[in-house]
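Architecture and fold: a report
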Amino acid sequence: MVNTNWRVAAGFLLAPLLPCMLFSFEPALVANQWSEGLPFFGLMVAVCLVLNIAFGLPMYLVLRRFWGVGLKECLGAGVLIAVFFNLGAFLAVAIAFPDSHYSAGDYGGATYIGGKLTPHGWFQTAITLVYNMGLGASIGLCFWVIALWRNPQRVQWSVSRRR
């Protein structure tokens, strides 16, 4: 029988739920557009679960084997996965749609002019990166709470009880 910690498996599956709920329903609360909140939440959870399994699980196994897994490692892993996800998405869009010249003029200015990012485009890209890094860090925090955190008061009580 394999000795596995059920909390680690639960951490990988449940960690994205609360952060994705907070990050997806915040725009719905601000703009009062609830019809977009639930589909966006579902999409965010699906993407985060795929990223958790594809990148978070191997990163956890490597850290556990060679370094150790604590709060800082979970936060850092979440941020690192978000950075790689944004870089991959940015490159995928740039390669797949090289001549699309998409411009998000609704958000304060053109993001692309002549196939190149404008300063406003770089700013919007940076905001998206910081947003996703916050999401990754919060998922890492939730994973740590679910899978690894031990209540020090409970542990201390159980140790003192044995004496």
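The coordinates are above.
Keep in mind that this is a model prediction, so the values were computed, not measured.

**A few points about the packing of aromatic side chains**
Within the structure shown, the criterion is met by seven aromatic pairs. Seen from their ring centres, Phe12 and Tyr60 are 5.8 Å apart, and the 80° between their planes marks the pair as edge-to-face. Highlighted residues: Phe12 in helix H1 (residues 6–14) and Tyr60 in helix H3 (residues 34–66), separated in sequence by 48 residues. Summarising the burial analysis for this pair, Phe12 and Tyr60 share the class buried. Ring geometry for Trp144 versus Trp149: centroids 6.4 Å apart, planes at 50°, classification tilted. Exposure remark for Trp149: the relative accessible area of 37% places this residue in the partly exposed category.

**So, the nonpolar core**
One finds Val8, Cys20, Leu135 and Phe143 to be the most contacted residues of the largest nonpolar core, which totals 19 residues. Of all the secondary-structure elements, those providing two or more residues to this core are H1, helix H2 (17–31), H3 and helix H5 (119–148). With six residues, the top contributor of residues to this core is H5. Not counting residues within four places of it along the chain, the set of residues in contact with Leu135 comprises Pro19, Cys20, Phe23, Met44 and Cys48.

**Brief notes about H3**
Here H3 contains 33 residues, and its C-alpha end-to-end distance of 45 Å stays within 8% of the 48 Å for a straight helix at 1.5 Å per residue. Bending of H3 peaks at approximately 40° at the position of Asn52. Considered for burial, the residues of H3 that qualify are Gly37, Phe41, Met44, Val45, Cys48, Leu51, Asn52, Gly56 and Tyr60. Structurally, H3 contributes buried residues whose contacts are with H1, H2, helix H4 (71–96) and H5. Directly beyond the C-terminal end of H3, a positive phi value near 125° is found at Gly68.

Reading guide: rules and limits
Residues numbered from 1 in each chain as written. Predicted model: local features only at pLDDT ≥ 70, side-chain atom pairs only at ≥ 80, totals over all residues. Heavy atoms only, no water. Phe/Tyr/Trp six-rings, centres within 6.5 Å; stacked < 30°, edge-to-face > 60°. Helix = DSSP H or I, 4+ residues; strand = E, 2+ residues; numbered from the N terminus. Buried < 20%, exposed > 50% of the residue type's maximum accessible area, 1.4 Å probe, protein only. Core = buried A, V, L, I, M, F, W, Y, C linked by side-chain atoms within 4.5 Å. Contact = heavy atoms within 4.5 Å. Expected span 1.5 Å × (residues − 1). Bend = angle between axes of the 7 residues up to and from the residue.

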